[in-house]
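So you can see what is in the structure, the chains are spelled out below.
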Amino acid sequence: MAHLTSNSLRRRRSRHLFVIGEGTADGLGSELREAPPALRSGSPIAYASRMADTTESSIVIDAEPGIVLDVIADLEAYPEWAGEIKQVEILAEEGDGWPDRVQMTMDAGVIKDTYTLDYDWDVDEDGSGTVSWTLVEASVLKTMDGTYTLTATDAGTQVDYSLTVDLKIPVLGMLKRKAEKVIIDTALKDLKKRVESL
């Protein structure tokens, strides 16, 4: 897939719509009582807690930001490498390579839901910048807002991931933060593996 970044796309912002599978939160408590693998010693993913309901993590990928961005933006390929994404259909595109509306089916184990996200792409010509999303509508989720920040480094690209998750059903804050960490851990490890295998 050719790089999507160019001078004409510099600082471009577009809104993306994602629709994802029918919602349940079955097993949330039982599946989150043990800390996720990324919290154990030796993990390459670093976590931080910026605020009560927001979880942040980062990982370094051995590739240029443009390559990492291409993988993030190639939504139709997600079922090949993102385990929780089962099906993707591009519903609308502006013709510039950026999907505008996408239908997805997601089964993340701890959380299953049908939800709509608005996406903003704010990237430079080399692929560095931010990709962010906000929740518009969902059955179980109350909040599902996140950001990827891509920064060029001597080792490749540092990807910082910030995610805020909240549910409409009562759940302890500790469990929600663990859910965020599970989602982030899976997303970053799968992204790194996908990019570095290309």
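Residues numbered from 1 in each chain as written. Predicted model: local features only at pLDDT ≥ 70, side-chain atom pairs only at ≥ 80, totals over all residues. Heavy atoms only, no water.

Undergrad: For this particular structure, what's the right way to read the overall build of the chain?
TA: A count of helices and strands for the chain gives four helices and nine strands. For the chain, the succession of helices and strands along the chain, N to C, is β-α-β-β-α-α-β-β-β-β-β-β-α. Residues classed as buried in the chain amount to 48% of the 198 residues present. Looking at the chain as shown, the accessible area adds up to about 9600 Å², and 47% of this sits on carbon and sulfur atoms. (Helix = DSSP H or I, 4+ residues; strand = E, 2+ residues; numbered from the N terminus. Buried < 20%, exposed > 50% of the residue type's maximum accessible area, 1.4 Å probe, protein only. Areas by Shrake-Rupley, 256 points an atom, 1.4 Å probe, with all protein chains shown as cover.)

Undergrad: Honestly, the nonpolar core in this entry has me stumped. Any pointers?
TA: When a protein is soluble and globular, its nonpolar side chains tend to lie buried together. The biggest cluster of nonpolar side chains holds 45 residues, and the ones touching the most others in it are Y148 and L191. It is helix 4 (residues 173-197) that contributes the most residues to this core, six residues altogether. Beyond its immediate chain neighbours, meaning those up to four positions away, L191 contacts I61, V68, V71, I72, W81, Y148 and V159. (Core = buried A, V, L, I, M, F, W, Y, C linked by side-chain atoms within 4.5 Å. Contact = heavy atoms within 4.5 Å.)

Undergrad: Would you explain the pattern of salt bridges in this entry?
TA: Oppositely charged side chains may form a pair once their charged atoms are brought near each other. Counted according to the given criterion, the structure contains three salt bridges. The residue E80 makes a salt bridge to R194 at a minimum N-O spacing of 3.2 Å. Here E80 is found in helix 3 (residues 78-81), whereas its partner R194 is found in helix 4, with 114 residues between them in sequence. The exposure class assigned to E80 is exposed, which follows from its relative accessible area of 59%. Between D185 and K189 there is a salt bridge; the shortest N-O distance is 3.7 Å. Of this pair, D185 and K189 both sit in helix 4, four residues apart, which is roughly one turn of that helix. K189 gets classed as partly exposed once you look at its relative accessible area, which sits at 33%. (Salt bridge = Lys/Arg side-chain N within 4 Å of Asp/Glu carboxyl O.)

Undergrad: What should I look at first to understand the packing of aromatic side chains in this one?
TA: The way to describe two aromatic rings as a pair is by their centre distance and the angle between their planes. Considering all chains together, one arrives at four aromatic pairs under this definition. Ring plane angle 65° and centroid distance 5.0 Å describe the contact between Y78 and W81, whose orientation is recorded as edge-to-face. Taken as a pair, Y78 and W81 lie in helix 3 at a separation of three residues, close to a single helical turn. Of the two residues, Y78 and W81, neither departs from the other in class, the shared state being buried. For the pair Y148 and Y161, a centre-to-centre distance of 4.6 Å together with 35° between the ring planes defines the contact as tilted. Of the two residues, Y148 sits in strand 8 (residues 141-153) while Y161 sits in strand 9 (residues 156-167), which places them 13 residues apart along the sequence. Taken individually, Y148 and Y161 each receive the classification buried, so the pair is uniform in this respect. (Phe/Tyr/Trp six-rings, centres within 6.5 Å; stacked < 30°, edge-to-face > 60°.)

Undergrad: Please clarify how the environment of A138 should be interpreted in this entry.
TA: The residue A138 is located in strand 7 (residues 129-138) in this model. Its relative accessible area of 14% is what places A138 among the buried residues. Expressed as a C-alpha distance, the spacing of A138 and T114, which sit 24 residues apart in the sequence, is 5.6 Å. Apart from residues lying up to four places away in sequence, A138 is in contact with D113, T114, Y115 and K168.

Undergrad: Quick question: what am I supposed to make of helix 2 (residues 65-73) here?
TA: An α-helix turns once every 3.6 residues. As a result, residues three or four positions apart point the same way. Burial of helix 2 is extensive: eight of the nine residues sit out of reach of the surface. Every buried residue of helix 2 is listed here: P65, G66, V68, L69, D70, V71, I72 and A73.

Undergrad: Looking at this model, I keep getting lost on the pairing of strand 9. Mind explaining?
TA: Looking along a regular strand, one sees side chains alternate from face to face of the sheet. The element strand 9 is extensively covered by neighbouring structure, given that 10 of its 12 residues are classed as buried. As defined by bridge partners, strand 8 adjoins strand 9 across 12 bridges and the pair is classed as antiparallel. Of the residues in strand 9, the one forming a bridge with L150 is V159. Hairpin connection from strand 8 to strand 9: two residues lie between these consecutive antiparallel strands. (Pairing = 2+ DSSP bridges.)

Undergrad: Explain the environment of V68 to me, please; I cannot follow it from the model alone.
TA: Position of V68 relative to the elements: it lies in helix 2. C-alpha of V68 to C-alpha of E196: the two residues are 128 residues apart in sequence and 9.2 Å apart in space. If we ignore the near neighbours within four places in the chain, the residues touching V68 are I61, A63, L150, T157, V159, L191 and V195.

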